[in-house]
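Below are the chains, spelled out letter by letter.
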Amino acid sequence: MTPAAPVQLGQYSPARRTLLHLSDTHLLAANRPLGGRFDTAANLARTLVAAEATGIRPAAVVFTGDLTDLGEPEAYAALRAAVEPFAERLGAPVVWIAGNHDERPALRRGLLDLEPTQDPVTGVWDLGGLRLVALDSTVPGWHHGDLDARQLAWLSEILAVPAPLGTILALHHPPLPSHVPLFDILELRHQGRFAEAIAGTDVRAILAGHLHYSTSGTFAGVPVSVAAASCYTMNLARPSVEVNGMDAGQSFHLVHVYDDTITHAVVPVVDAPTGDFFSAEWYERMSRLTPEQRLEEFSRKRS
């Protein structure tokens, strides 16, 4: 049993919008093992099952790049077949972001039903007043990232008019430093131009991927949240110069948009027993109490 509508149990009203943020699926044609060892299709399937189990009904499902590992048409077809039924059950549009392992022509044709050109994969979504802008930080033929003058001018034109609930940007290469040296070579270049484009605008958050581990920071005063990969993650429990991928630690993010803040919850994809004290019935009972009764019931320490 669940309440008919979200109930405010604390000082914050329920989130205005929620996004599901996933990244770096790296699918290969015929589900060949990535690097000879990672089953990317199985890991994606586990991730989608875990995401659906949260009961989330997001305004959008956002994949921040490296959708395939080699840009193969068959890999895009497999990704679409896995994700579109999932998103349909959640009642949410899918936002595909290009990553450095993707190929723009195949992505455009395989996922977007567009002409297979080298044009950047960009877009704008109005999610009930929350504006989501997809940027393409890929550089054809290279693995580092960049945003050229034409794309930044397009972004500036969009941001010239504020959205009712503000704007979230999504791209593959995060505008953040990494303590893992290999990512310094593959960073988003010319970040100063990007900072100028979003200065003084209604941009409230930036979503990214690329790093294969979850991290966060700020860029030009805007919070940046990086989702880890579904295929494999970086084992950070090593010296930075010895960090490599491992088939563990996969996760996704739940992005909750409130009036005055945005939170990014990291949700691990694990099978682990829980205490099972809290339940829908428990929350329904709490919702029927007054604020004072709730404090007495749940906050007061018992001797």
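No experiment lies behind these values; they were computed from the predicted model shown.

> Can you walk me through helix α1 (residues 40-53) in this structure?
In an α-helix, one turn spans 3.6 residues, which is why side chains three or four residues apart end up on the same side. Here α1 contains 14 residues, and its C-alpha end-to-end distance of 20 Å stays within 8% of the 20 Å for a straight helix at 1.5 Å per residue. For α1, the complete set of buried residues consists of Thr40, Asn43, Leu44, Thr47, Leu48 and Ala51. The buried residues of α1 all sit within an arc of 135° when viewed along its axis, so they share a single face. Residues of α1 that are exposed and point more than 90 degrees away from the buried face comprise Val49 and Ala53. Looking at the packing, one finds that the buried side of α1 touches β1 (17-22), β2 (60-64), α2 (73-90) and β12 (251-257). Count one or two residues on from α1 and you reach glycine 55, which has phi positive near 80°.

> What am I meant to see in the packing of helix α4 (residues 149-159) against helix α6 (residues 191-198) here?
Each pair of packed helices can be summarised by the angle the axes make with each other and by the distance between the axes. Relative to each other, α4 and α6 sit at 20°, their axes nearing to 9 Å. In terms of their interaxial angle, α4 and α6 are classed as roughly parallel. In terms of crossing hand, the pair formed by α4 and α6 is right-handed. Only Arg193, Phe194, Ala197 and Ile198 of α6 make contact with α4, whose side of the interface consists of Leu152, Leu155, Ser156 and Leu159. A per-class count over the contact of α4 with α6 returns 6 nonpolar, 1 polar and 1 charged.

> When you look at the environment of glutamine 250 in this model, what are you seeing that I'm missing?
By the element assignment, glutamine 250 lies in the loop between β11 (245-246) and β12. Note: C-alpha distance between glutamine 250 and valine 269 (19 residues apart in sequence) is 5.6 Å.

> What's the story with the pattern of salt bridges in this structure? I'm lost.
If charged atoms from side chains of opposite charge come close, those side chains can pair. What the rule picks out here adds up to 12 salt bridges. With its nearest N and O atoms 2.9 Å apart, the salt bridge here joins arginine 89 to glutamate 52. Taken together, the positions of arginine 89 in helix α2 and glutamate 52 in helix α1 put the pair 37 residues apart, joining distant regions of the chain. In this structure arginine 89 comes out as partly exposed when scored by relative accessible area, which is 48%. With a relative accessible area of 27%, glutamate 52 lands in the partly exposed category. The partner of arginine 288 in a salt bridge is glutamate 284, with the nearest N and O atoms 3.0 Å apart. The exposure class assigned to glutamate 284 is buried, which follows from its relative accessible area of 17%. Each of Arg80, Glu84 and Asp113 takes part in one network of salt bridges that share partners.

> Got a minute to help me understand the packing of aromatic side chains in this structure?
A ring pair, where both rings are aromatic, is described by two values, the distance of the centres and the angle of the planes. The tally for this structure, following the rule as stated, stands at 10 aromatic pairs. Note on phenylalanine 277 and phenylalanine 278: the rings are 4.9 Å apart at their centroids and 90° apart in plane angle, and the pair reads as edge-to-face. Following the ring pairs from residue to residue traces out a cluster consisting of Phe277, Phe278, Trp282, Tyr283 and Phe298.

Each value, and the rule that gives it
Residues numbered from 1 in each chain as written. Predicted model: local features only at pLDDT ≥ 70, side-chain atom pairs only at ≥ 80, totals over all residues. Heavy atoms only, no water. Helix = DSSP H or I, 4+ residues; strand = E, 2+ residues; numbered from the N terminus. Expected span 1.5 Å × (residues − 1). Buried < 20%, exposed > 50% of the residue type's maximum accessible area, 1.4 Å probe, protein only. Arc of directions from axis to C-beta. Contact = heavy atoms within 4.5 Å. Axes fitted to C-alpha atoms, helices over the stretch in contact; angles between N-to-C directions. Parallel < 35°, antiparallel > 145°, perpendicular 65-115°, else oblique. Left-handed = near helix turned anticlockwise from the far one by under 90°. Nonpolar A, V, L, I, M, F, W, Y, C, P; charged D, E, K, R; others polar. Salt bridge = Lys/Arg side-chain N within 4 Å of Asp/Glu carboxyl O. Phe/Tyr/Trp six-rings, centres within 6.5 Å; stacked < 30°, edge-to-face > 60°.

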